[in-house]
Amino acid sequence: MKAIRRFTVRPVLPDPLRPLSDLARNLRWSWHAETRELFQAVDPEGWRAAGGDPVRLLGSVSAARLAELARDRRFLRRLAAAADDLDDYLRGRRWYQSQNSDLPAAVAYFSPEFGVTAALPQYSGGLGILAGDHLKAASDLGVPLIGVGLLYRHGYFRQSLSRDGWQQEHYPLLDPNEMPVSLLRQPGGTPVRVSLALPAGRCLHAHVWVAQVGRVPLLMLDSDVEENGPSERDVTDRLYGGGSEHRLLQEMLLGIGGVRAVRAYCALTGHPDPEVFHTNEGHAGFLGLERIWELSEEGVEFDAALEAVRAGTVFTTHTPVPAGIDRFDRELVARHFGDGAELPGVDVERVLQLGMETYPGGEPNLFNMAVMGLRLAQRANGVSTLHGAVSREMFAGLWPGFDPDEVPITSITNGVHAPTWVAPEVFRLGARKIGAQRAEDALTVGGSQRWDALGEIADAEIWDLRRELRDQLVTEVRTRLRASWRQRGAGSAELGWIDGVLDPDILTIGFARRVPSYKRLTLMLRDRDRLMELLLHPERPVQIVVAGKAHPADDGGKRLVRELVRFADDPRVRHRIVFLPDYGMGMAQKLYPGCDVWLNNPLRPLEACGTSGMKAALNGCLNLSVLDGWWDEWYEPDFGWAIPTADGPTTDEDRRDDLEAAALYELIEQRVAPRFYDRGANGLPERWIEMVRRTLANLGPKVLAGRMVREYVERLYTPAALAHRSLDTGAARELADWKARVRAAWPRVAVDHVEVDEANGTAELGATLALRVRVALGDLRPEDVEVQAVAGRVDTDDRLRDAQTVPLKPAGGPDQQGRWVYEGPLTLDRTGPFGYTVRILPTHRLLAAGADLGLVALPTEATGEGAGVLMR
């Protein structure tokens, strides 16, 4: 018989053990080794059975064991020390509290997924893990952040394999009462409820669950509430599931409902209201509309409200391909807004204008969430230097007339939360050299350019550590592989070979990630005979551990998984290459430290950042990767190897894969494996160990999430907070009115004539040209614009490269035709092909960038030969 209702009966902790509940409910335990060790001591076998989840552990401990612990003075001392340490962590001054007073009072950080711990499975891949690491690093630094997401009752899918290697998906029901979250309640105990209006008089209601991530609250909205109809209850059923309307409702709940949840949380707890709203990818973009609606309820006009909202909004894009962005049919979006639906009183056409692809190459009937995110945010960024450049190219249509490098999208390279991903054994080795507190500070706050103390660690210690971690991985792989084969239908008599899978003394390569086609899971299989030779080499063998999930709707990705699994099933090589299903945080925390080399071979430049190699590097694993994402930015031969890219304009996809796979085999055979197996007189691979040391010392400080969050605070959050404060209602109206006036007048703004006086110099290095430009400003005044000379090298198509701008100054008043003359010097500061042009941009003290309006006036063919002069 099946139960008609399920619930969890919680134990009543004896008074001396009450602090265990607080420790279990704060997810700091997920990255704090001493707290995890304390819970393991409660019941070692129960800890393993609970998968390292303190909440599940406490739900299963017997009353007799709890009574025994309540009398155990040694355990109680450990418990008191852990509770005091947590209290100090939550209340003490940290990095943020030592900075200047311009910092935002609070930041709201929205993401569709958060990977904080395996005990809270609300993530699918890199975006969610990055978001979880962002929250943890913000907590470590003391940044007053509020995370906002959805609580998916089925999370993302669990993966298993059929007998023939086809991916199977399972969606276990997640009970919030069995997870480390608590329901946000009113003072009287009633759950806080957030509601959205839907067409035809329906409503979407949601409760708010709170996960405490160190100092940072994570609010998760849950639509599985009794007041909803069946379809509304299922809105938060699973991550990235359902059709277009389902996804639209998820994103409305995340953005609009998320802002309402933040307001309720701050009102109930006294947490400062956010001055900055950060949307991690476009899924939460509707948060800007909700904030516009809030201001409209206070009597602020739409355009002024838009400017006020933009000033305090940060948008981060994570995709380098248009196909990775959510886009909705125009009519579907229109149906869900305006009178009779959500945000009544806000003109539906204004809502649509924010997201429509009204630019060359766009689809005019599609509502693009990333486009809305960019239009609603005054500051935007990509997640690596290369990805920033790709994003500026991809979204350049929103700023017509500007070169891609002037598109106002900057970049902050992702980082990873070291205390989460560094193996305890690696941490302890560092702590022995510099002390536990200094080691913890180095991994959390960061700030050092190098970790020079690692130079004092003996080669033998590093090598013994690497061997120990490899041995742990072998044990983990065999356990998981045996469980996987049992799920595939194998009996015990068939699985004796698993005891010989992998060898802790063999060079181990790891590859684990999502399985979209561009990540090329099966590139290693391009020449199977060549791969077999590498795996079975008599003197320098290689072993490979592979893991990854294909999206449930991606049959192409599933075919790649099956292809890899079938190769790994071959009895000739199955002891040297394995595929582990159900890749997640728990597996990853064993996989990264245990591998010697981390492989990444995406199609460049389709990897926005790719943080798995960072986590591996922090454990002394060397990277072998295509120069994409973060590796393109920080690669040095001291740290690993770069796979050459065959991306010529005439190279088709098959040919490219052949060339890059051949380069991969060549690198492993000729450079990677020989270095690993090249042993000195002391039996140690000294050159390999030196690469491990340099990876840790030089690369380690760069890849930290602490470094990343500090950059967000300094480069984006603080400027956004200052802009938010400067745009009170009056200033916002002023800026909106000014923009409207400029847009109306801009068709009559023109560069009328350009002339240059070369009498005082020639085209030689150091010479100065005197520019004189006549411009028409229509109804605008000189204070509304900036006239610039733009100069630099020119390519063979006379395009300016590495250009610099020089502002020109007005010379007197307008002439009889209302034209203005601007003058200024232009210094020839470089040799070779050189050129310049002039342009007019709008300017206002409250603009974040000259390209903000997407308006620019450039010379035309009729302006005169002085315009865009080239000197060779």
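My aim in this report is to walk through the structure given alongside it, one point at a time. What you see is a predicted model, and the numbers here were worked out from it, not measured in a lab.

## Quick notes on the packing of aromatic side chains
The tally for this structure, following the rule as stated, stands at 19 aromatic pairs. Seen in terms of ring centroids, Trp641 and Trp688 are 5.8 Å apart; in terms of plane orientation they differ by 35°. Their pairing is tilted. You can see Trp641 sitting in strand S20 (residues 640–643) and its partner Trp688 sitting in helix H26 (residues 686–699), a full 47 residues away along the chain. Here Trp641 matches Trp688 in class, with each residue buried. In this arrangement the basic side chain of Arg260 is found over the ring face of Trp293, its NZ or CZ atom lying 5.7 Å from the centre. Here the guanidinium or amino end of Arg470 rests over the ring plane of Trp463, the centre of that ring lying 5.3 Å away.

## Comments concerning a positive patch on the surface
Among the surface-exposed residues, Arg73, Arg74, Arg77 and Arg78 lie close enough to one another that they form a single positively charged patch. Tracing the backbone through its elements, the reader meets Arg77 in helix H6 (residues 73–91). Among the residues examined, Arg77 registers a relative accessible area of 54% and is labelled exposed.

## Structural notes on the sheet that holds strand S18 (residues 597–600)
With respect to topology, six strands assemble into an open sheet ordered S17-S16-S15-S18-S19-S20, the strand pairing being parallel. Each edge of the open sheet is held by one strand with a lone partner, namely strand S17 (577–580) and S20. When strand polarity is set aside, the average angle formed by the axes of neighbouring strands in this sheet is 20°. Here four bridges tie strand S19 (residues 622–626) to S20, and the two strands are oriented parallel to one another. Pairing of Val626 across the sheet is with Ile643, part of S20. Across the sheet, helix H19 (residues 459–487) lies against strand S15 (507–512), strand S16 (542–547) and S17, angled at about 60° from S17, the strand it touches most. Sheet contacts for helix H25 (residues 653–677): S15, S16, S18, S19 and S20; angle to S20, the most-contacted strand, approximately 165°.

Quick notes on the rules
Residues numbered from 1 in each chain as written. Predicted model: local features only at pLDDT ≥ 70, side-chain atom pairs only at ≥ 80, totals over all residues. Heavy atoms only, no water. Phe/Tyr/Trp six-rings, centres within 6.5 Å; stacked < 30°, edge-to-face > 60°. Helix = DSSP H or I, 4+ residues; strand = E, 2+ residues; numbered from the N terminus. Buried < 20%, exposed > 50% of the residue type's maximum accessible area, 1.4 Å probe, protein only. Lys NZ or Arg CZ within 6 Å of the ring centre and 35° of its normal. Patch = residues over 30% accessible without salt bridge, like charges linked within 9 Å, V, L, I, M, F, W, Y side chains within 5 Å. Areas by Shrake-Rupley, 256 points an atom, 1.4 Å probe, with all protein chains shown as cover. Salt bridge = Lys/Arg side-chain N within 4 Å of Asp/Glu carboxyl O. Lys, Arg positive; Asp, Glu negative; His and termini not counted. Charge placed at Lys NZ, Arg CZ, Asp CG, Glu CD. Pairing = 2+ DSSP bridges. Axes fitted to C-alpha atoms, helices over the stretch in contact; angles between N-to-C directions. Contact = heavy atoms within 4.5 Å.

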